[in-house]
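Residue-level structure breakdown
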Amino acid sequence: MKKRFTYVVIVLIVFIAASCSKSDTDTEYPNPQGYEEYTPIQLTKAQEEMTAEINAFGIKLFKEIMADEPDENIVISPLSISLALAMLSSGAESETARSICDVLGFSGYSTDEMGEYYSKMVAALKIADRNCAFEVANSIWISKLLEVKNSFIKTSEAHFASEVKKHIDFTSPSARENINAWVSDKTHGKIKDLLEHLDPLTKMVLVNALYFNGKWGFEWDGSKKGSFHSADGSKSNVDMMHITDTGLRYTRSETYEIVDMPYGNGAFSFTVVLPDKDIVSSDGMNELLTGLKLLDKIRIHGYPGKGTIRLPEFKIEYENQDIYNYLTKMGMRFEDFSGISDTDLDVSKIIHKANIEVNRSGTEAAAATAIMMITTGVNSQPISWDPFEFIADH
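So, a few notes on the structure that sits alongside this text. (Residues numbered from 1 in each chain as written. Predicted model: local features only at pLDDT ≥ 70, side-chain atom pairs only at ≥ 80, totals over all residues. Heavy atoms only, no water.)

**As for the overall build of the chain**
Applied cut-off: The way it works is that DSSP assigns letters per residue, a run of H or I at least four long becomes a helix, a run of E at least two long becomes a strand, and they are numbered from the N terminus. Between two residues, a contact is recorded if the distance between any of their heavy atoms is within 4.5 Å. The method behind every accessible area is Shrake-Rupley, applied with a 1.4 Å probe, and residues are considered shielded solely by the protein chains displayed.
Broken down by element type, the chain carries 9 helices and 14 strands. The long-range fraction of contacts in the chain, counting pairs at least 24 apart against all pairs at least 6 apart in sequence, stands at 75%. Only carbon and sulfur atoms are counted for the fraction: they give 47% of the accessible area of the chain, which is about 18900 Å².

Encoded structure:
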């Protein structure tokens, strides 16, 4: 039987949180392993606001999916999804560009400013902790039948370090196989077969892949069997990690508890929100997420005190083929991509896969997002009507 987790797991692969500028109210992590301290990313006030809005986008998207899949264990990476969309937005114009920026949380900023933000953030995160692997890769796969503007390619390479693959024959099975192989390679084999099917009418595919592997910045006391209560009321025996006198950040309210557990030198961390046992329905979780500013709660109110933590070892894999509809429901429009090509293009599908495995050693997680584009309208190729008869007698 599938165990549905009643707590919300948030790691960096899901949010942009670690290594950002510290505030005066931040509490410090203990560093029992003696790791080299990290240097926080120095963000402007505007960039700090962007970071908060991207995290809010992640919560909103999670809520939309949870409403449709209340019995699923959902793991998504808004960072992966937003990076793919940011690449797409660099070729969007007018209302399409504005709507993508607005939904992602970049209202009032240009697509260039958004690209510069991601470029700075990703570059800094990659070197934030030498004890953790954090890898980001982007690619653009272009049909041999599509003429793409140089300005779009240059922007994609400059802001997103995108690998540009040209002259792709999307009618051949090798196109899908090559994209899947690229994703598998960039995620260290964690995500295979991102694309199960590829429309032969596809003209472009934009892909993001993320990979994270981090060792804990502390040592668990051990692991032993314990009871886990699923959201459906069932109980099962699972491997529960445990630690006492943690010195880890912890805070709570009447409806939830939050604990934050660092990897390596603390640049990356794993945040777990444990709702009250009465909050097991999707409506209850939705209400909790609506009013909860997770990162602010743990950064400002989290106190590195003594206590006991028990957490199950787990592995979750998740796939969603319907991200396009969730984004349009949130207000995104996919109409004008004249910055990519003079050929009219439309987004046909957005696919997302993510997985995470947590055990006593640490966490390994990966995510990938693919945006498929086709030409607008029906068959754009000339159709032969031979032989035909055209008699204008009426």
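**A short note on the sheet that holds strand β6 (residues 235-244)**
To keep it simple, the criterion reads: Paired strands, in this sense, are two strands between which DSSP finds at least two bridges. As a rule, the C-alpha atoms of each element are fitted with a line to give its axis, helices using only the stretch in contact, and angles between N-to-C directions run from 0 to 180 degrees.
With respect to topology, 3 strands assemble into an open sheet ordered β5-β6-β11, the strand pairing being antiparallel. Taken across any chain shown, the strands that pair with only one partner, and hence form the sheet edges, are β5 (222-229) and β11 (308-312). Across the sheet, the mean angle from the axis of one strand to that of its neighbour is 40°, orientation sign disregarded. When β6 meets β11, the two strands line up antiparallel, connected through 5 bridges.

**Some thoughts on the side chain of D129**
Under the convention used in this document: Buried, partly exposed and exposed residues are distinguished by accessible area as a fraction of the type maximum, computed with a 1.4 Å probe on protein chains only: under 20%, between the cut-offs, and over 50%, respectively. A residue counts as positive if it is Lys or Arg and as negative if it is Asp or Glu; His and the chain ends are not included. Every case where a carboxyl oxygen of Asp or Glu lies within 4 Å of a side-chain nitrogen of Lys or Arg is listed as a salt bridge. Here a polar contact is recorded for every N or O atom pair within 3.5 Å, except that within protein the pair must consist of a potential hydrogen donor and a potential acceptor, and residues adjacent in sequence are included only if both atoms are side-chain atoms.
Within the element layout of this structure, D129 appears in the loop between α4 (111-126) and β2 (132-143). Here D129 occupies a buried position and makes no salt bridge, while the nearest side chain of opposite charge, R130, is found at 7.8 Å. Looking at D129, its side chain comes within polar contact range of the main-chain nitrogen of N265, at 2.9 Å. If near-sequence neighbours (up to four positions away) are discounted, D129 is found in contact with Y263, G264, N265, G266, A267 and F268.

**Details of the sheet that holds strand β13 (residues 345-358)**
If you walk across this open sheet you meet the 6 strands as β3-β2-β4-β14-β13-β12, and the pairing is mixed. Either end of the sheet is taken by a strand with one partner, and the two such strands are β3 (163-168) and β12 (314-320). Within this sheet the neighbouring strands show an average axis-to-axis angle of 10°, counted without direction. Pairing of β2 with strand β4 (residues 202-215), which is carried by 11 bridges, proceeds in the antiparallel orientation. Paired with I140 across the bridge in β4 is L206.

**What to know about unusual backbone geometry**
The phi torsion at S94 lies on the positive side, around 45°, for a residue other than glycine. In this structure, S94 sits in helix α3 (residues 94-104).

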